[in-house]
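Chain residues, written in single-letter form:
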Amino acid sequence: SINQIPGNIPTELGSLEDLVALNLDSNQLTGPIPVEIADATNLTSLLLGSNALSQSLPSQLASLPLLVNLNVADNELTGAIPTEITQKSNL
């Protein structure tokens, strides 16, 4: 976190089977949160706050069975938080 990394979040991060935590807080990331992140099924923590991410929060994130920590605050996301995510009891 806090590295001033610019650009989009690489979709290839979803193919990292052993990825447990991803902290990209406080950078200069833009564009959408890639739905491919939901393919990293061991992910427990996804911290994407304080960037310039846009579009909507992908409902596919609700399919991450181990996700307990999600931060997308202080971005430029649009729309409501998907119901699939708000109904996850472990978040």
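The notes below deal with the structure included here.

Conventions adopted
Residues numbered from 1 in each chain as written. Predicted model: local features only at pLDDT ≥ 70, side-chain atom pairs only at ≥ 80, totals over all residues. Heavy atoms only, no water. Pairing = 2+ DSSP bridges. Helix = DSSP H or I, 4+ residues; strand = E, 2+ residues; numbered from the N terminus. Buried < 20%, exposed > 50% of the residue type's maximum accessible area, 1.4 Å probe, protein only. Contact = heavy atoms within 4.5 Å. Axes fitted to C-alpha atoms, helices over the stretch in contact; angles between N-to-C directions.

## Some remarks on the sheet that holds strand β3 (residues 28–31)
Argument step 1. With respect to topology, four strands assemble into an open sheet ordered β1-β3-β5-β7, the strand pairing being parallel. A single partner strand is all that each edge strand has here, and the edge strands are β1 (6–7) and β7 (76–77).
Argument step 2. Two strands pair when backbone bridges link them, and β1 and β3 are joined in this way by two bridges, in the parallel orientation. In the sheet register, G7 faces β3, and the bridge partner there is L29.

## Remarks on the side chain of S45
Argument step 1. Mapped onto the fold, S45 is located in strand β4 (residues 45–47).
Argument step 2. Looking at S45, the relative accessible area reads 12%, which means it is buried.
Argument step 3. Sequence-distant contacts of S45, defined by excluding residues within four places in its chain, comprise V20, A21, L22, L67 and N69.

## As for the sheet that holds β4
Argument step 1. Reading across from one edge, β2-β4-β6 is the order of the three strands in this open sheet, with parallel pairing throughout. Looking along the sheet, the strands with just one partner apiece sit at the ends: β2 (21–23) and β6 (69–71). Pairwise comparison of adjacent strand axes, ignoring direction, gives a mean angle of 10 degrees for this sheet.
Argument step 2. Bridge count between β4 and β6: three bridges; the pairing is parallel. Opposite L46, over in β6, you have L70 as the bridge partner.

## A few points about unusual backbone geometry
Argument step 1. At Q55, a residue that is not glycine, the phi angle is positive and equals roughly 70 degrees.
Argument step 2. Taking the relative accessible area as the measure of exposure, Q55 reaches 47% and is therefore partly exposed.
Argument step 3. Even without a glycine there, the phi angle at D74 is positive, about 60 degrees.
Argument step 4. Structurally, the position occupied by D74 is in the loop between β6 and β7.

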